[in-house]
Amino acid sequence: MAGLAATYGSGSMTNAISCIEKADVILITGSNTTENHPVISAYVKRAVTRRGARLIVVDPRRTKISEFAQIHLRQNLGTDVAWINGMMHVIIQEGLYDKPYVESRTVGFEELKRMVAKFTPDFVESITGIPGDQLAAAARLYASGKPASILYCMGITQHTTGTDNVKALAALAMLCGNVGVVGGGVNPLRGQNNVQGACDMGGLPDVYSGYQKVADPALRAKMAKAWGVAALPEKPGLKVTEMIPKAESGEIKALYVVGENPLVSDPDLNHAEHCFQHLEFLVVQDIFLTETARNAHVVLPSACFAEKEGTFTNTERRVQRVRKAVAPPGDARDDLSIICDLSTRLGYPMRYEGAEAVFAEMASVTPSYAGLSYARIEKEGIPWPCPVPDHPGTPVLHMGSFSHGKGIFFAIDYIPPAETVDDDYPLYLTTGRVLYHYHTGTMTMKSEGLMDRAPECFVEIHPSDAKNLGVAEGTRVTVTSRRGSIEAVARVSPRVRPGMIFIPFHYAQAAANRLTNARLDPISGIPEFKVCAVKLAKAA
Amino acid sequence: MGEDGQNVIIINGNPYAFEPGETILEVARRHDIDIPTLCHLKGAPPTGACRVCVVEVEGAASLMASCATPAGSGMAVHTETPKVVAARRQVLDLMLASGNHNCTIRQPDEADWTAQQLKVMQEDQAEELCPVWGDCRLQELAFRYQVTAKRYDPAKTLYPQELANPFIVRDFSRCIRCGRCIQACNEVQVNNAINFGFRGAALKIVAAGDRPLRNSDCVFCGECVQACPVGALVEKDTRYRVRPWETTRTRTTCSYCGVGCQLDLHVADGRVVRVTGAEDVAPNYGSLCVKGRFGYDFIHSPERLTTPLVRDGNHLREATWDEALDRVATGFKAIRERDGADAIGVLCSARITNEENYLLNKLARAALGTNNIDHCARL
Ligand code: SF4
Ligand code: SF4
Ligand code: SF4
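Residues numbered from 1 in each chain as written. Chains lettered and ligands numbered in written order. Predicted model: local features only at pLDDT ≥ 70, side-chain atom pairs only at ≥ 80, totals over all residues. Heavy atoms only, no water.

Participant: Can you explain the overall build of chain B? Please cite residues and give values.
Facilitator: From N to C terminus, chain B includes nine helices and 16 strands. Here the C-alpha radius of gyration of chain B, 28 Å, is well above what a compact globule of 379 residues would show, namely 21 Å. By principal-axis analysis of the C-alpha atoms, chain B measures approximately 90 × 60 × 35 Å. Classification of the 379 residues of chain B by burial places 60% in the buried group. Sequence separation of at least 24 residues holds for 57% of the intrachain contacts in chain B that already meet a minimum separation of 6. Element-wise, carbon and sulfur atoms account for 51% of the exposed surface of chain B, whose accessible area totals about 15,500 Å². Of the side-chain charges in chain B, 43 are positive and 47 negative, and the distance between the mean point of each set is 4 Å. (Helix = DSSP H or I, 4+ residues; strand = E, 2+ residues; numbered from the N terminus. Rg over C-alpha atoms; globule rule 2.2 N^0.38 Å. Buried < 20%, exposed > 50% of the residue type's maximum accessible area, 1.4 Å probe, protein only. Contact = heavy atoms within 4.5 Å. Areas by Shrake-Rupley, 256 points an atom, 1.4 Å probe, with all protein chains shown as cover. Lys, Arg positive; Asp, Glu negative; His and termini not counted. Charge placed at Lys NZ, Arg CZ, Asp CG, Glu CD.)

Here it is in structure tokens:
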């Protein structure tokens, strides 16, 4: 979420989910909302069908939510900056932007204007494949929305240009005065239940909890004092996408992996497996013997969400309680007590009476959580920032001013995806999820019912490509990229565009990430899961 | 309250202020005046289908459905007159007689209870009372209004049960055609999977083309199951196995996607046996998706790890916590001494709690001495 942080000074969903109820226009891009965030999609669908809100969907796939859209633009994979700049071009050209807002609350408008000047609808059509008149219509519709909300997901961020894509969306929203208003905003829908919380809690190499920079000596001193140590490391650490290759080169010797399964979720999986082989010491703490755990030197059995106390922070920054309903199986223990025990054995004793005591300590060193306590969120969660105990929480960020003063327009040029199709690899592959599974499937694939609905991996392919390749519904096909190859059954469907295929990434047996490209966005470190070049043939 | 009596309604003799556009039912609920309903679904437009919520309005020729009648200035409403009670009893009587409502409330005449019970047992392939016995709005209201459907013969069953999907049993013989499921599907979740089909006595809730749910647009969110006031829509897994008085509920947060739906885990004998959406709080107000509602099997999966494992050569073997944790601590300490703390990396998780993530961040930086901590959310 580096793009949002750069623009507004804060990198999470700007508005509460309930703001969708107040939006006049909603723009969804890079989010298969009905399958990945079903309950949020219901808010959107209700807004359209019951209140007459107007919906724009920009997605190469014909997703369920696109059936509710007034305008559905189907761009070529990896061309997001181009269509976003194109919309801004039309909006500026036709004088549809919010001039008072731009003047009083933003900087960098002139540079933006110069940059988007060349992104005429015709030029954008040549890159994105979106007909120029449709692009212009979408631009006018978005600009007419008072207020207009933007929702996006991994289809925007999982590119080498992901940070650029987000900055461009953030600029579009500011241009029309939609940030810091109820019903508007730029809203990343977080994929996993507690991504927001993991980031908020300092699960990032360069910040402590509450995004307090480790490079700042004053903050380092504050944390060292709170934690009772003489000093804390100064240098920002490695991102996960750097750690794994560095296992191969020997700079990383040991990994402690808690509740993650990188050996299905990582890009360019064959290479990731190879890197893991080089680790001298791998510790995995999880509820199942995952693909990653099988490679571990020590496996620590932990408790699932139903077996422990604590909090999760949802995609709208709402801090909500997790409560223990049942006991963990066998000798499995909750992660909290495992971490404390391990830390104590490492010579740094940790002792807490329970999760609430940890929360209280965390809140005392984390300004955005400082006003929160279990008592306050007993009945209903509260969205941070919540700096003091009588603060009501903050459903809408940036009201009146941005976290760092003025909102910054970034003038961003279009860069093609890292890998483009050629004669050898003539199809674009994009990856994603299906309704019935979650992430690497370690939880959902234990459910007979969910497996019954979505039993195996598939390749979605357009009827015209299927015909050319002699592939029919249900044919077993082999999909090959420069990095690897998998087998799955074909689903012939106009949901995808000609020239592209879609594969869900959940399935370990046919892991789509054997194909994907590990090239990273240089700022966020997010890999380009959403586009790479492949070829497809009937399985031998 | 308006000084000149504007926007004031009189309910059971007391004046109450209302907002223009509010229905009689809404005003009454806001002031804790109990008007029973069956078909009314919060958050969806009223249909007025069941007529249980009728009230007497002074000066009106007939009883009015309070869910569909806007409050009016000076309107005088009575919610529990003999006429109202008689009308409700008649509605409930017909409903109770209309299907396999084999709870102890239903008392068929002469031919006695046994005949009906045998018929239902045969059709249900079960030897028990209705699967939602004790958790049924119709049963509750029948009890409140002392209705037994004594005057009616057991109804014929027109449509067989639908068992052909993994999640939901559709039992048309217990359907009272209140339409709440349709409202839940079309107005709340907007999945538009079901609607009324056929006419008159043959009225049935159907997916397009009267196909089974598994071949329809249904996405198994289960909103309809939670909305059904009777035993016509029931979670397959809980049917006959879970009785409400044998379970306790724990309010918690869904562990799948980032919406963070609030839900209740229903627990019996130390196992999660059912999940329902929490209706009174953000962000989901009762809604869930198929993963949150039906994806809980993993909690009690036999594949769960139950003991620490340590590697001996090529295989992992069981170990005690002491052995495993010592091995971890020794391993990390040795590498730190030899190669420095930055040779160690920690991957925390979007799956674990804030408290656990906070402690991992503390462990990495304060105990191990490295900022190499990240999570896989970017993936
Ligand atoms: S489960 Fe959901 S989609 Fe299916 S019929 Fe019920 S409400 Fe509709
Ligand atoms: S299935 Fe349930 S909710 Fe739907 S009409 Fe029948 S009784 Fe009402
Ligand atoms: S119930 Fe579905 S939509 Fe709600 S948090 Fe869980 S996975 Fe997300």
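There's plenty left to go through after this.
Participant: Account for the domain arrangement of chain A, with residues named and values stated.
Facilitator: Residues and elements named next belong to chain A. Assigned domains within chain A: domain 1 (2-189), domain 2 (191-237 + 303-324 + 336-386), domain 3 (238-301) and domain 4 (427-538). Counting from both sides, the interface comprises 15 residues of domain 3 and, opposite them, 23 residues of domain 4. Summed over both partners, the interface of domain 3 with domain 4 buries about 1,500 Å², with 61% contributed by carbon and sulfur atoms. Between Glu273 and Arg514 there is a salt bridge whose closest N-O contact spans 3.1 Å. Only helix H14 (262-265) and helix H15 (269-277) provide two or more residues apiece to the side of domain 3 that touches domain 4. The element best represented in the side of domain 3 that touches domain 4 is H15, accounting for three residues. When the residues that make up the side of domain 3 that touches domain 4 are grouped by side-chain class, the tally is five nonpolar, five polar and five charged. (Domains from an automatic or database assignment. Buried area = accessible area lost by both parts, 1.4 Å probe. Salt bridge = Lys/Arg side-chain N within 4 Å of Asp/Glu carboxyl O. Nonpolar A, V, L, I, M, F, W, Y, C, P; charged D, E, K, R; others polar.)

Participant: Go over the sheet that holds strand E19 (residues 485-492) of chain A, please, and point to the residues and values.
Facilitator: Residues and elements named next belong to chain A. Here we have six strands rolled up into a closed barrel, ordered E16-E20-E17-E19-E18-E21, and mixed in their pairing. When the angles between neighbouring strand axes are averaged without regard to direction, this sheet yields 45°. As judged from the five bridges shared by strand E18 (residues 476-480) and E19, these two strands associate in the antiparallel manner. By the bridge assignment for E19, Val477 is matched with Ala488. (Pairing = 2+ DSSP bridges. Axes fitted to C-alpha atoms, helices over the stretch in contact; angles between N-to-C directions.)

Participant: Tell me about the nonpolar core, residues and numbers included.
Facilitator: For soluble globular proteins, nonpolar side chains are generally found buried alongside one another. Counting residues in each nonpolar core, the largest one holds 77 residues, and the members touching the most others are Val479, Ile501, Ile503 and Leu536 of chain A together with Leu38, Leu138 and Ile168 of chain B. Of the residues forming this core, the biggest block, five residues, is contributed by helix H2 (residues 82-97) of chain B. Beyond its immediate sequence surroundings of up to four residues, Val479 of chain A is in contact with Val459, Gly484, Ser485, Ile486, Ile501, Ile503, Leu515, Val534, Lys535 and Leu536 of chain A. Grouped together as the second largest cluster of nonpolar side chains are 58 residues, Tyr208, Ala254 and Tyr348 of chain A together with Val328 of chain B included. (Core = buried A, V, L, I, M, F, W, Y, C linked by side-chain atoms within 4.5 Å.)

Participant: Tell me about the sheet that holds strand E13 (residues 318-322) of chain A, residues and numbers included.
Facilitator: If you walk across this open sheet you meet the three strands as E12-E13-E14 (chain A), and the pairing is antiparallel. Of all the strands in the sheet, just strand E12 (310-313) and strand E14 (382-383) of chain A have a single pairing partner and so form its edges. Its contacts with the sheet place helix H9 (residues 354-368) of chain B against E12 and E13 of chain A, and it is angled at close to 90° to E12 of chain A.

Participant: Explain the pairing of strand E21 (residues 532-538) of chain A residue by residue, including any values.
Facilitator: Residues and elements named next belong to chain A. By the bridge criterion, three bridges tie strand E16 (residues 427-432) to E21 in an arrangement that is antiparallel. From the neighbouring strand, Tyr428 faces E21, where its bridge partner is Ala533. Judged from the four bridges that link them, E18 and E21 form a sheet pairing that is antiparallel. Pairing of Thr478 across the sheet is with Ala537, part of E21.

Participant: Got a sec to walk through the interface of chain B and chain A? Specific residues and values, please.
Facilitator: Taken residue by residue, the interface counts 113 residues in chain B and 150 residues in chain A. Taken together, chain B and chain A are joined by ten salt bridges. Residue Arg345 of chain A is joined to Asp322 of chain B by a salt bridge in which the shortest nitrogen-to-oxygen separation is 2.7 Å. Examining the composition of the side of chain B that touches chain A, we find that 15 residues originate from one element, helix H8 (residues 321-339) of chain B, more than from any other. Its residues assigned to classes, the side of chain B that touches chain A shows 57 nonpolar, 31 polar and 25 charged. Summarising the sheet, strand E11 (residues 298-301) of chain A and strand E13 (residues 309-312) of chain B pair through two bridges and their orientation is antiparallel. If you follow Val298 of chain A over to E13 of chain B, its bridge partner there is Val310 of chain B.

Participant: How would you explain the domain arrangement of chain B if you had to name every residue and give the values?
Facilitator: By the assigned domains, chain B splits into domain 1 (7-80), domain 2 (100-300) and domain 3 (309-375). Spacing between the C-alpha centres of domain 1 of chain B and domain 3 of chain B amounts to 62 Å.

Participant: Summarise the site of ligand 3; cite the residues concerned and give the values.
Facilitator: Contacts to ligand 3 come from Pro38 and Val39 of chain A together with Cys254, Tyr256, Cys257, Val259, Gly260, Cys261, Leu288, Cys289 and Gly292 of chain B. Neighbouring residues of ligand 3 are distributed over chains A and B. Of the residues contributing to the shell around ligand 3, the split by class is nine nonpolar, two polar and no charged. (Near = heavy atom within 4 Å.)

Participant: So what about the site of ligand 1? Which residues, and what values?
Facilitator: All residues in the neighbourhood of ligand 1 are listed as Ile168, Cys185, Asn191, Ile194, Cys218, Val219, Phe220, Cys221, Gly222, Glu223 and Cys224 of chain B. Grouping the amino acids of the shell around ligand 1 by side-chain chemistry returns eight nonpolar, two polar and one charged.

Participant: So what's going on with helix H3 (residues 38-51) of chain A? Residues and values would help.
Facilitator: Across its 14 residues, H3 of chain A extends 19 Å between first and last C-alpha, which sits within 8% of the 20 Å expected from 1.5 Å per residue. Judged by how many residues are buried, H3 of chain A sits mostly within the fold: eleven of 14 residues are covered. The complete set of buried residues in H3 of chain A reads Pro38, Val39, Ile40, Ser41, Ala42, Tyr43, Val44, Lys45, Arg46, Ala47 and Val48 of chain A. Buried residues along H3 of chain A sit in contact with strand E1 (25-29), helix H2 (33-36), strand E2 (54-58) and strand E5 (148-152) of chain A together with helix H5 (180-188) of chain B. Of the residues flanking the end of H3 of chain A, it is Gly52 of chain A, one or two places downstream, whose phi is positive at about 75°. (Expected span 1.5 Å × (residues − 1).)

Participant: Can you explain the side chain of Thr311 of chain A? Please cite residues and give values.
Facilitator: For Thr311 of chain A, the location among the structural elements is in strand E12. Setting aside its immediate chain neighbours within four residues, Thr311 of chain A contacts Asn194, Val319, Gln320, Arg321, Val322, Phe359, Tyr374 and Ile377 of chain A together with Thr353, Asn354 and Glu355 of chain B.

Participant: Hey, could you go over the packing of helix H16 (residues 335-345) of chain A against H8 of chain B for me, with residue numbers and the actual values?
Facilitator: Here H16 of chain A crosses H8 of chain B at 55°, and the two axes come no closer than 9 Å. Judged on the interaxial angle alone, H8 of chain B and H16 of chain A are oblique. Seen from above, H16 of chain A lies across H8 of chain B with right-handed handedness. Where H16 of chain A abuts H8 of chain B, its residues Ile338, Asp341, Leu342 and Arg345 of chain A lie against Trp321, Asp322, Leu325, Asp326, Val328, Ala329, Phe332 and Lys333 of chain B. Here the residues of the contact of H16 of chain A with H8 of chain B sort into seven nonpolar, no polar and five charged. (Parallel < 35°, antiparallel > 145°, perpendicular 65-115°, else oblique. Left-handed = near helix turned anticlockwise from the far one by under 90°.)

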